[in-house]
Every structure is written in C-alpha cells, then in structure tokens.
Amino acid sequence: MDEKTISLIDASKALEPRIFSLPRLILLNALRDLGPDGASFRELVAGLKMPEGVIFANLKAMEQLGYIESESGHLEGTKMTSFHITKRGEEEFDKARNWLRRLGD
Amino acid sequence: MDDISKVFALYREIGVTPDTKSFENRIVMQKTICLLKLMGVKMGYQFSMYLRGPYCPALTKDIFAKIGMFNALAKKSRLSPDEIEKAKELKETSGLKASSLEIAATYGQLVFGSKKRPKEAIDILRREKPFYSMYQIMDGVSIGKQLLFHPSKEQLEALKREMKPWDQAADADFAKQVEKHNL
C-alpha cells in the first residue's frame, strides 16, 4: 500500500463516520456557510431539492449528535423552525471536507 | 473594508432592532444591508448567492461578535446625507417587512449583481422560494425595482411589456385570495 493511502487511513480514524452520508454532508455544507443565522426547514427543502422526509430525518439525527441546533420562531405570523450548525458540527464537517479533498488529490 | 460601525449606524437610522435571537429580525438585518449596498452605499461586506439568496457570512460574523457594542459602534460612524436618504427610502418603501426585503434583495442581486433578465430573475425566485405566493413575489419585486431601477421611458415601456404575464398572474392570485377570504 502506498504512503498516501496509509496516511488517509490513519487520518480517517479521527473522523465521525455518522456524517458520511450524502444528505448529511450536503446539509452540513449548506449550514456551514450560514453560521449562527442558519436556515429554516422550508428554505432547506426548497434549496437542496431533497425529499422533506430525508432532510427532516437527517437534521434530527445530527441534532442528536450535537452538530446542529434547532430554534422555533415566527416569520410574519407563520411558525417556523430553523437550524444552525454548532461549533462541534463545524469542526467535524471541516475535518470531513479536508479528508475528502485529500482523497481527491 | 468591512465597516460594522456603518452597518450599525444604518440600522439605527432605519430603526432595525439589534436583536440576533429572532430569525425574522436576522433576515431583516442581512437583507437591508444587501439592498443598501445595491443602492450604492459603501461599507464593505460582499454578498453572494447562497441557499437563502444573497448573503454575507462576514456580516453575520461581525453582527454576532459585536452586537453587544451596538450603540457605541453606531455612534462612531457618521452617515452622509445621501446615505441617510437611501436608508429612509428603503424603510419607507419596504416597511422593513422581512419577506419583502428577502424577495427584493434576491431580485436585486440577480438582476443588478448577476445580470439576469427580469423575467429570468422572477423564474429563479419562484423556483427557489416556492413558499411565497405570486402576489408576495411580485410585491417584493416591485419594491426592488422602486429602490434599484431608474429606467428611461423606453426601458420602462419595454419592461412593462415583458412583465405583463407576471402582473396578470399576480392580479389573478390576489383576486382568488379576496374571494377566498370574503374581503
């Protein structure tokens, strides 16, 4: 096995495998850009073009892991739930993104 | 250069509450600055299209970091008469309504930032923000045009012709709402 592959395998031990699914990486990528502002559920559904059920299930799972926090509020009288990435979520996503970039090199 | 003092001075001028806890208010805080930038007020903070439309992560970062010093920082910046007038125009035209600001800012960024044709910009708006009614979209677009578009007579006639189907759709949508709610 070459050195690059060995190095990638070693680095992978520090990663959280539970974020390595396409919906979760896409959600974290979108929320990473928005920081503490986050996005509402309806914005995530409209913007990411994934089924509502998939988005909801993965948001809830990542909330359990502590990578996302939800917040209830209102927008012009309409009840709304928004989600933002936590510091821990940012760190885990950045680790995953850097590892994937190395994989592609 | 990013100038949070000027941002806070503008918020104070137009009466935007310095409150980061409310989702609705956070929309107002982002989109007012986006629109003022498109109107020509210089203060740094580059906006690009993100999931939520035109957005500036650096602005969010500075707002959250420095909101505790709002009054002190707002006082540090002196707005020019032109900037005060633009801030006033934004407030009076939009009523600082979050949905109107969001749609107006997105329309403005698409047409004046990304150079999309107005009809294409509206198509994008309808696709990316399907939770807004046609009436809300055309209302927001109208606000965007009032703030950002100062056409010649010929340009205005050409635009009216291009926008006629959308205006008719908005009127039909409004009529349905009137009938539905017995207004």
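As shown above, the structure is provided for reference.
Everything numeric in this text was worked out from a predicted model, so none of it was measured. (Residues numbered from 1 in each chain as written. Chains lettered and ligands numbered in written order. Predicted model: local features only at pLDDT ≥ 70, side-chain atom pairs only at ≥ 80, totals over all residues. Heavy atoms only, no water.)

**Q** Tell me about the sheet that holds strand β1 (residues 39-40) of chain A, and please be specific about residues and values.
**A** The strands that make up a sheet pair up through hydrogen bonds in the backbone, lying either parallel or antiparallel. All names here are of chain A. One open sheet holds the three strands; their spatial order is β1-β3-β2, and the pairing between them is antiparallel. The two strands at the open ends of the sheet, each matched to only one other strand, are β1 and β2 (68-75). Examined bridge by bridge, β1 and strand β3 (residues 78-85) share two bridges and lie antiparallel to one another. Looking at the pairing, S40 lines up with S82 of β3. (Pairing = 2+ DSSP bridges. Helix = DSSP H or I, 4+ residues; strand = E, 2+ residues; numbered from the N terminus.)

**Q** Outline the interface of chain B and chain A, supporting the account with residue identities and numerical values.
**A** Contacts between the two partners involve 21 residues from chain B, matched on the other side by 21 residues from chain A. Around 1,900 Å² of area is buried between chain B and chain A when both sides are counted, 57% of it from carbon and sulfur atoms. Taken as a group, B:F23, B:L51 and B:F131 account for 36% of the area that chain B buries against chain A, more than any other trio of residues on that side. Run the count over chain B and chain A and you get four salt bridges. Across the salt bridge formed by B:R52 and A:E43, the nearest N and O atoms sit 3.2 Å from each other. Connecting chain B to chain A are 10 residue pairs in polar contact (both at pLDDT 80 or more). Those elements that provide at least two residues to the side of chain B that touches chain A are α2 (23-38), α3 (57-66) and α6 (98-113) of chain B. (Contact = heavy atoms within 4.5 Å. Buried area = accessible area lost by both parts, 1.4 Å probe. Salt bridge = Lys/Arg side-chain N within 4 Å of Asp/Glu carboxyl O. Polar contact = N/O pair within 3.5 Å; in protein donor to acceptor, adjacent residues only side chain to side chain.)

**Q** An account of the layout of surface pockets is needed here, citing residue identities and associated values.
**A** Residue and element names in this part refer to chain B. In this structure, the largest pocket spans a volume of roughly 170 Å³. Y107, V111, F112, K115, K116, R117, P118, K145, F149, Q155, A158 and L159 together form the lining of the largest pocket. Only α6 and α9 (153-180) provide two or more residues apiece to the lining of the largest pocket. Residues belonging to the lining of the largest pocket are distributed by class as follows: seven nonpolar, one polar and four charged. (1 Å grid on protein atoms, 1.4 Å probe; cavity = no way out; pocket = protein on both sides within 12 Å on 5 of 7 lines; lining within 4 Å. Points joined across faces, edges and corners; volume = space filled by probe spheres on them. Nonpolar A, V, L, I, M, F, W, Y, C, P; charged D, E, K, R; others polar.)

**Q** Lay out helix α1 (residues 4-14) of chain B with the relevant residues and their values.
**A** Residues and elements named next belong to chain B. Within α1, nine of the 11 residues are buried, which leaves the element mostly enclosed by the surrounding structure. Among all positions of α1, only I4, S5, K6, V7, F8, A9, L10, Y11 and I14 are buried. Buried residues belonging to α1 abut α2, α3, α4 (70-76) and α5 (81-94). The N-capping residue of α1, defined by a side-chain oxygen 3.2 Å from the backbone nitrogen of S5, is D3. Positive phi shows up at G15, right after α1, with a value of about 80°. (Buried < 20%, exposed > 50% of the residue type's maximum accessible area, 1.4 Å probe, protein only.)

**Q** Explain empty space enclosed by the protein to me, using residue names and the numbers behind them.
**A** Taken as a whole and judged by the stated rule, the model has two cavities of 30 Å³ or more. Its boundaries defined by the atoms lining it, the largest cavity holds a volume of some 40 Å³. For the largest cavity, the full set of lining residues is A:D37, B:T20, B:R26, B:M29, B:Q30, B:T60, B:I63 and B:F64. For the lining of the largest cavity, the secondary-structure elements that each account for two or more residues are α2 and α3 of chain B. When its residues are assigned to classes, the lining of the largest cavity shows three nonpolar, three polar and two charged. Every residue along the wall of the second largest cavity is listed here: A:D37, B:R26, B:I27, B:Q30, B:K31, B:R52 and B:Y55. Per-element accounting of the lining of the second largest cavity gives the leading share, four residues, to α2(B).

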